[in-house]
Amino acid sequence: MSKAAFILDDRLTVDAPVLIQVPTSTRTTGSAPKQSFVTRTAFVTFRIPMEEELDDVLEEVARHNEKLNRQITDVETEREEAADDEARIALDRKLAELRKTARLGQVEQLKAFIVGLPAGHGFAEKDGTPCEYSPELIERLCQFRAVRNALWAAFRLVINGDPKKGN
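All values reported here derive from a predicted model rather than from experimental measurement.

K.L.:
Describe the overall build of the protein chain, listing the residues and the values that go with them.
P.N.:
Counting secondary structure elements, the protein chain contains 4 helices and 5 strands. Along its sequence from the N terminus, the protein chain presents helices and strands in the succession β-β-β-β-α-α-β-α-α. In summary, the protein chain has a C-alpha radius of gyration of 20 Å against a globular reference of 15 Å for 167 residues, an excess of more than 25%. Projected onto the principal axes, the alpha-carbon positions of the protein chain cover approximately 75 × 50 × 35 Å. Burial status across the protein chain gives 26% buried among its 167 residues. Looking at the protein chain alone, contacts between residues at least 24 apart form 60% of all its contacts between residues at least 6 apart. Side chains of the protein chain give 24 positive and 28 negative charges; the mean places of these two sets differ by 8 Å.

Quick look at the structure:
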């Protein structure tokens with residue numbers, strides 16, 4: 001008998017790489033400064049949802065995103081038609097709040113599916129001590145756009161597979 005290829009478990013988790021694009025100092029080459037980035041890898045442990053939960057989550061996200069996108073489009077249209085600067089400033093604040101709501105929804109999803117940090121995960125506090133997992137840590141990490149985007153990309157890859165490989 002061969003080794004099992006898949007263990008049937010309703011608490012399936014996977015450690016996944018998180019590829020974070022970190023900016024480096026601007027370098028001048030010739031006469032034009034150039035900003036470059038370095039990719040650093042950290043790791044998180046994702047909980048893999050079962051099919052029904054995943055379907056429910058994806059439907060909820062789609063409804064949430066559709067509603068937010070409609071609201072953003074309406075406010076952008078209002079802003080274009082605004083009669084004065086005061087109205088435009090108020091609508092800019094409303095747009096910023098809607099975009100913040102979208103980000104917070106993404107963070108809540110990540111908090112629901114990131115369940116731990118494996119040994120040697122690569123996240124550390126300012127003094128160099130390794131971070132301890134908590135939902136609050138995920139919120140702190142997501143305050144940095146590069147980290148939030150990297151966590152989201154890793155989550156989508158875990159959920160959807162690698163489209164380049166035909167999964």
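So much for the structure itself; the text now carries on.
K.L.:
Just give me the short version of the pattern of salt bridges, but keep the residues and values in it.
P.N.:
Summed over all chains, the structure comprises 8 salt bridges. Of the charged contacts in the structure, one is a salt bridge between Arg47 and Glu53, with a shortest N-O distance of 2.9 Å. For Lys111, the salt bridge goes to Glu108, with nearest N and O atoms at 3.1 Å. Here Glu108 and Lys111 lie together in helix α2 (residues 85–113), a separation of 3 residues that amounts to about one turn.

K.L.:
Break down α2 for me, citing the residues and quoting the values.
P.N.:
Look at α2: 43 Å from first C-alpha to last across 29 residues, which is about the 42 Å you get at 1.5 Å a residue. For α2, the elements touching its buried residues are β4 (37–47), α1 (51–81), β5 (114–116), α3 (135–141) and α4 (145–160).

K.L.:
Break down the sheet that holds β5 for me, with residues and values.
P.N.:
Here we have 3 strands laid out as an open sheet, ordered β1-β4-β5, and antiparallel in their pairing. The open sheet is flanked by β1 (13–23) and β5, the only strands paired with a single partner. Pairwise comparison of adjacent strand axes, ignoring direction, gives a mean angle of 55° for this sheet. Bridge analysis of β1 against β4 gives 11 bridges, and the strand direction is antiparallel. Across the sheet, Pro23 pairs through a bridge with Phe37, a residue of β4. Here α4 sits on the sheet and contacts β1, β4 and β5; the angle it forms with β1, its principal contact strand, is near 145°.

K.L.:
Quick one: what's the story with a negative patch on the surface, residue by residue and with numbers?
P.N.:
The grouping of Glu51, Glu52, Asp55, Asp56, Glu59 and Glu60 at the surface amounts to a negative patch. Its place among the elements puts Asp55 in helix α1. Under the relative-accessibility criterion, Asp55 is labelled partly exposed at 36%.

K.L.:
Run through the packing of α1 against α2, naming residues and quoting values.
P.N.:
Packing of α1 against α2 leaves a shortest axis separation of 9 Å and a crossing angle of 170°. Of the possible angle classes, the one that applies to α1 and α2 is roughly antiparallel. The residues of α2 that touch α1, namely those facing Glu53, Val57, Val61, His64, Leu68, Gln71, Ile72, Val75, Glu76, Glu78 and Arg79, are Arg88, Leu91, Asp92, Lys94, Leu95, Leu98, Arg99, Thr101, Ala102, Gln109 and Phe113. Of the residues belonging to the contact of α1 with α2, the class tally is 10 nonpolar, 4 polar and 8 charged.

K.L.:
Lay out the environment of Val75 with the relevant residues and their values.
P.N.:
The topology assignment puts Val75 in helix α1. When the C-alpha positions of Val75 and Leu95 are compared, they lie 6.7 Å apart, and in sequence the two are 20 residues distant. In contact with Val75, other than residues within four places in its own chain, are Leu91, Lys94, Leu95 and Leu98.

K.L.:
Just give me the short version of the packing of aromatic side chains, but keep the residues and values in it.
P.N.:
Tallied over the full model, the rule gives 3 aromatic pairs. Pairing Trp152 with Phe155 gives two aromatic rings, centres 5.5 Å apart and planes at 45°, and the pair type is tilted. With Trp152 and Phe155 both in helix α4, this residue pair falls 3 residues apart, about one helical turn. Among the residues examined, Trp152 registers a relative accessible area of 18% and is labelled buried.

Definitions and cut-offs
Each chain has its residues counted from 1, running along the sequence as written. Since the coordinates come from a predicted model, pLDDT governs what is reported: local features require at least 70, and pairs of side-chain atoms require 80 or more to be given and counted, while whole-chain, interface and lining totals use all residues. Here the side-chain values reflect all heavy atoms present in the structure, with hydrogen atoms and water set aside. In this description a helix means any DSSP run of H or I spanning at least four residues, a strand means any run of E spanning at least two, and both kinds are numbered starting from the N terminus. For a compact globule the rule gives 2.2 Å times the number of residues to the power 0.38, and the radius of gyration it is set against comes from C-alpha atoms. A 1.4 Å probe rolled over the protein chains alone gives each residue an accessible area, and that area as a share of the maximum for its type sets the label: buried under 20%, exposed over 50%, partly exposed in between. We call two residues contacting when some pair of their heavy atoms lies within 4.5 Å. Neither His nor the chain termini are counted; the positive set is Lys and Arg, and the negative set is Asp and Glu. Charge placement uses NZ in Lys and CZ in Arg. For Asp and Glu, CG and CD serve respectively. Note on definitions: salt bridges are taken to be side-chain nitrogens of Lys or Arg within 4 Å of carboxyl oxygens of Asp or Glu. Expected helix span is computed as 1.5 Å times (number of residues minus one). Paired strands, as defined in this entry, are two strands with at least two bridges between them according to DSSP. Note on geometry: axes are lines fitted to C-alpha atoms, helical ones only across the stretch in contact, with angles between N-to-C directions running from 0 to 180 degrees. A patch is a set of surface residues, each over 30% in relative accessible area and not in a salt bridge, joined within 9 Å for like charges and within 5 Å for the nonpolar side chains Val, Leu, Ile, Met, Phe, Trp and Tyr. For accessible areas, the Shrake-Rupley method is used with a probe of radius 1.4 Å. Any residue's cover is judged against the shown protein chains and nothing else. Put simply, angles under 35 degrees are roughly parallel, angles over 145 are roughly antiparallel, angles from 65 to 115 are roughly perpendicular, and the rest are oblique. Side-chain classes follow a simple rule in which Ala, Val, Leu, Ile, Met, Phe, Trp, Tyr, Cys and Pro form the nonpolar group, Asp, Glu, Lys and Arg form the charged group, and the remainder, Gly included, forms the polar group. Ring pairs are drawn from Phe, Tyr and Trp, using the six-membered ring of Trp, whenever the two centres fall within 6.5 Å, and their geometry is named by plane angle: stacked under 30 degrees, edge-to-face over 60, tilted for the rest.

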